Amino acid sequence: MVPLSETELNEHANALAMVLTEESRDYVSAAHIHAEHLHDIPEAARLLCRGSRFADAARLLALNGKQDLVSDIVDTGLADAMGSTTNLLADFRSQLNAQVPRIRELRERRAEDPLAYFGGDPTIGEGVDIPDNVSLAPTEASTLAGKSMFTRYTNKTTSSRQTSRTRRREERKRARGKKGTVYEEEYLVNSFRRLIERVNSTVSEVESLVDALLRRGMRERAAAIEKALQDILKLCVEYREEVFDVSADEAAKQREDQDGENATGDAAEDNYKPTGGQGVFWESVALTGKPREAPPVKDMKKSDLLA
């Protein structure tokens, strides 16, 4: 290895710590760099607090003879973590209160009028003229008459390109889950699943925050943040039963098994699947109303000091 001067090493260490902090959000690794290579103990303690390692931050300050900074750095970090966690839990609650009633409303609409829910009846409305000249519909023989092999190949290529274009357009509509479209319910259900995953990842952070608050004598704050998360977890469990229809999941599986055993008919017809934009629509409709595997909701370990 090429030897580097102390100044160059410090520059590289600072750059790496900045990348870990700003881009990777790996505060613990950045704290180790500041403590072991840059010998900046206060900054290392602040980064440990940002990484929810409050006990390690207090220990690092104590081992390096900076106990007087514990109240300044650790308590400030606890206050910041308390504020950000409170805002995060409030966002969770508002999302639950907004999305779950909307899912319930969409399912009621689908049950009352499935035809209107999945696109409406094309025969309803003013000025709709349904032709009855079925005999004049072009056939394969008439459409291919007088066309060369090159013309047929060009038309086929153009049709394939249009099919791919319409599928991409429909996939974007499905990903957005625009309100009022048939894709909205699927989007909201997937969003609820992601919300549960975010709540589960927050549990360990809140547990460490509660322990750190109790160590610093902030019992009321610890009790408040613990209760707030418990309320969110309770809502997730309650809404999870409704959104994913856990009670009907086993019955649906039994019906699917029975349908599979009794299924008869033409194999080509059973395996038919639309292409292009219609294929995306077909996939969404097939998932709508079908019971899905419900994600688990993580339990929070209550602090014995708050019992």
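Definitions and limits used
Residues numbered from 1 in each chain as written. Predicted model: local features only at pLDDT ≥ 70, side-chain atom pairs only at ≥ 80, totals over all residues. Heavy atoms only, no water. Helix = DSSP H or I, 4+ residues; strand = E, 2+ residues; numbered from the N terminus. Buried < 20%, exposed > 50% of the residue type's maximum accessible area, 1.4 Å probe, protein only. Contact = heavy atoms within 4.5 Å. Areas by Shrake-Rupley, 256 points an atom, 1.4 Å probe, with all protein chains shown as cover. Axes fitted to C-alpha atoms, helices over the stretch in contact; angles between N-to-C directions. Parallel < 35°, antiparallel > 145°, perpendicular 65-115°, else oblique. Nonpolar A, V, L, I, M, F, W, Y, C, P; charged D, E, K, R; others polar. Polar contact = N/O pair within 3.5 Å; in protein donor to acceptor, adjacent residues only side chain to side chain. Salt bridge = Lys/Arg side-chain N within 4 Å of Asp/Glu carboxyl O. Left-handed = near helix turned anticlockwise from the far one by under 90°. pLDDT = per-residue confidence, 0-100. Core = buried A, V, L, I, M, F, W, Y, C linked by side-chain atoms within 4.5 Å. Domains from an automatic or database assignment.

The name an unreviewed UniProt entry assigns to the protein is ELP1 three-helical bundle domain-containing protein, from the organism Aspergillus wentii DTO 134E9.

(A) Molecular detail of the overall build of the protein. The helix and strand tally for the protein stands at 13 helices and 0 strands. Scanning the protein from its N terminus toward the C terminus, one meets helices and strands in the order α-α-α-α-α-α-α-α-α-α-α-α-α. When the 307 residues of the protein are sorted by exposure, 32% land in the buried category. At a minimum sequence separation of 6, the contacts of the protein that also span at least 24 residues come to 71%. Carbon together with sulfur atoms contributes 51% to the accessible area of the protein, which is approximately 20,200 Å² in total.

(B) Structural view of the packing of helix H4 (residues 54–63) against helix H5 (residues 70–112). Packing of H4 against H5 leaves a shortest axis separation of 10 Å and a crossing angle of 170°. As far as their axial angle goes, H5 and H4 are roughly antiparallel. Taking contact as the criterion, the partners of Phe54, Ala57, Ala58 and Leu61 in H4 are, on H5, Val70, Ile73, Val74, Gly77, Leu78 and Ala81. Tallied by class, the residues present in the contact of H4 with H5 amount to 9 nonpolar, 1 polar and no charged.

(C) Examining the side chain of arginine 110 more closely. Looking at the element boundaries, arginine 110 is found in helix H5. Of the polar contacts made by the side chain of arginine 110, one reaches the side chain of glutamate 185; its length is 2.6 Å.

(D) Seen up close, the pattern of salt bridges. Enumeration according to the criterion identifies 11 salt bridges in this entry. Measuring nitrogen to oxygen at the nearest pair gives 2.9 Å for the salt bridge that ties glutamate 105 to arginine 109. Taken together, the residues glutamate 105 and arginine 109, both in helix H5 and 4 residues apart, mark about one turn of the helix. The exposure class assigned to glutamate 105 is partly exposed, which follows from its relative accessible area of 32%. A network of salt bridges, in which partner residues are shared, links Arg102, Glu105, Arg109 and Glu184.

(E) Region of the structure containing the environment of serine 52. Structurally, serine 52 is set in the loop between helix H3 (41–50) and H4. Each C-alpha atom, one on serine 52 and one on leucine 209, is 6.8 Å from the other, the two residues being 157 residues apart in sequence. Not counting chain neighbours up to four residues away, the residues in contact with serine 52 comprise Glu205 and Ser208.

(F) The arrangement of the packing of helix H9 (residues 184–215) against helix H10 (residues 219–243) in detail. Their axes nearest at 10 Å, the elements H9 and H10 cross at an angle of 160°. Regarding the angle of H9 to H10, the classification is roughly antiparallel. When the axes of H9 and H10 are compared, the crossing they make is left-handed. Residues Val189, Phe192, Ile196, Val199, Val203, Val206, Leu209, Val210, Leu213 and Leu214 of H9 pack against Arg219, Arg221, Ala222, Ile225, Glu226, Leu229, Ile232, Leu233, Cys236, Tyr239, Arg240 and Val243 of H10.

(G) Looking closely at the confidence of the model for the protein. Scored by pLDDT, the protein has a mean of 78; 67% of the residues are at 70 or more. Low pLDDT, under 50, characterises residues 121–137; the stretch is placed with 3 contacts to residues that sit more than four places away or in other chains. The model gives residues 264–269 a pLDDT under 50, and that stretch makes 2 contacts with residues more than four places away or in other chains.

(H) Fine view of the nonpolar core. Counting 63 residues, the largest nonpolar core has Leu78, Phe192, Val199, Val210, Leu213, Ile225 and Leu229 as the members making the most contacts within it. Listing elements by their share of this core, those giving two or more residues are helix H1 (6–22), helix H2 (27–36), H3, H4, H5, H9 and H10. Of the residues forming this core, the biggest block, 13 residues, is contributed by H9. Taken together, domain 1 (7–70) and domain 2 (76–132 + 162–257 + 273–306) each give at least three residues to this core, which thus spans both. The residues contacting valine 199, other than those within four sequence positions of it, are Phe92, Leu229, Ile232, Leu233 and Cys236.

(I) Region of the structure containing unusual backbone geometry. Phi is positive for arginine 25, which is not a glycine, with a value near 55°. Its place among the elements puts arginine 25 in the loop between H1 and H2. Among the residues examined, arginine 25 registers a relative accessible area of 48% and is labelled partly exposed. One non-glycine residue, serine 52, lies in the positive phi region at around 60°. Residue serine 52 is classed as partly exposed on the basis of its relative accessible area of 22%.

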